[in-house]
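# Per-entry structural report
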Amino acid sequence: MSTPSQRRVEHQQTDRGYVPVYATGVVEQPWADYSPTDHGVWDALFRRQCELLPGRACREFLDGVTRFGLGDGGIPKFSELNRVLGRSTGWTLVAVEGLLPDEVFFDHLAHRRFPVTWWIRKPEQLDYLSEPDLFHDLFGHVPLLLNPVFADYMQAYGQGGMKAFAIGREALTLLTRLYWYTVEFGLIRTDEGLRIYGAGIVSSKGESIYSLESPAPNRIGFDLERVMRTRYRIDSYQQTYFVIDDFEQLFAATRPDFTPLYARLAAQPPLAAADVLATDHVYQRGTRVGFAAGSDT
Ligand code: PHE
Ligand code: FE
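Residues numbered from 1 in each chain as written. Chains lettered and ligands numbered in written order. Predicted model: local features only at pLDDT ≥ 70, side-chain atom pairs only at ≥ 80, totals over all residues. Heavy atoms only, no water.

Attention now moves to the state of the cysteines. On inspection of all chains with the given rule, the structure shows zero disulfides. In this structure cysteine 50 is not part of a disulfide, and its nearest cysteine sulfur, from cysteine 58, lies 14 Å away. What makes cysteine 50 partly exposed here is its relative accessible area of 30%. (Disulfide = S-S within 2.5 Å. Buried < 20%, exposed > 50% of the residue type's maximum accessible area, 1.4 Å probe, protein only.)

Sheet architecture is open: three strands sit in the order E3-E4-E5, paired in mixed fashion. The outermost strands of the open sheet, each flanked by one partner alone, are strand E3 (26–27) and strand E5 (113–117). Across the sheet, helix H3 (residues 78–86) is in contact with strand E4 (92–96) and E5; its angle to E4 comes to roughly 155 degrees. Here helix H4 (residues 102–110) sits on the sheet in contact with E3, E4 and E5, set at roughly 130 degrees to E5. (Pairing = 2+ DSSP bridges. Helix = DSSP H or I, 4+ residues; strand = E, 2+ residues; numbered from the N terminus. Contact = heavy atoms within 4.5 Å. Axes fitted to C-alpha atoms, helices over the stretch in contact; angles between N-to-C directions.)

Quick look at the coordination of the iron ion (ligand 2) now. Ligation of the iron ion (ligand 2) by protein atoms is provided by His136 (NE2), His141 (NE2) and Glu184 (OE), these donors lying 2.0 to 2.1 Å from the ion. Given a relative accessible area of 5%, histidine 141 falls into the buried group. Looking at glutamate 184, the relative accessible area reads 11%, which means it is buried. (Donors = N, O, S within 2.8 Å, 3.2 Å for Na, K, Ca; no water.)

Below, the discussion takes up the UniProt feature "binding site: Fe cation" (unreviewed entry) in the chain. Per the UniProt record, "binding site: Fe cation" (unreviewed entry) is annotated on His136, His141 and Glu184. Taking the farthest pair of C-alpha atoms as the criterion, the annotated set spanning 49 residues converges on one region, since that pair is 10.1 Å apart. Inspection of the secondary structure puts histidine 141 in helix H5 (residues 134–141). When near neighbours in sequence (up to four residues on either side) are disregarded, histidine 141 contacts Phe114, His136, Tyr179, Val183, Glu184 and Ala199. Separated by 3.1 Å, the side chains of histidine 141 and histidine 136 make a polar contact. Mapped onto the fold, glutamate 184 is located in helix H7 (residues 169–184). (UniProt positions renumbered as here; feature names shortened; annotations may be inferred. Polar contact = N/O pair within 3.5 Å; in protein donor to acceptor, adjacent residues only side chain to side chain.)

The structure is reproduced here in structure tokens:
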């Protein structure tokens, strides 16, 4: 597995200084440059989520947080997390400036590299940020990479992404909805009740509570085609959450070749984020109370 420094190709001027940029968008995590404030933001967010998540996040996520030692104080070093990942599921974290072009992102996942934004939000942004930062990417996504089934799902998603990218825009739209409603905003059924596994939820204090406890949103059993037809919200909490039985179900459902599925679904109109169908397995039909007006993505 190549390291970031082996892939260095050039330097680029950014608003965070003159940084090395690789063809893959990868930079070195500038760990020594984090300020005490940066470390304090990590600690504050970490402490807040760890008070909230026992009994709300799934066991696999909480186990991952513990095994990585993410709460040892201060922003973790990717190099240390990579040692843990290396001897379990073989993923590697790579530091990036921010969101990557689709095909670059998919290529990372397909090679079991997870891109993590290296910079962290400001103290006044603890509750909301419009783009992913270190806390979302690392705390939200990385713990589950220690779960073997989820780790394989993420790689398969990257490979599927490369394929969808070659097929075209509509295929990508359908595949992106799957990512949104599983990796980012997924819920999972357990013997103790519904639990969170989506990174967008576990990295948000408000949505960690809302996704499970609010009567407003729908909670509907996962169905691949149903999910791929459903538009989503980027400006508010979700109006529908999809519930998987376990990670094996998710992996098995997404194993078949999507090429015929893309062709079939492209001919159907999308569903609104808040829709409930007669064919849905409904855990909870949302009251829609407090749903903001506005349109789905
Ligand atoms: N099986 C999908 C395909 O053929 C790839 C995929 C796997 C997509 C897992 C998402 C998740 O395109
Ligand atoms: Fe994310």
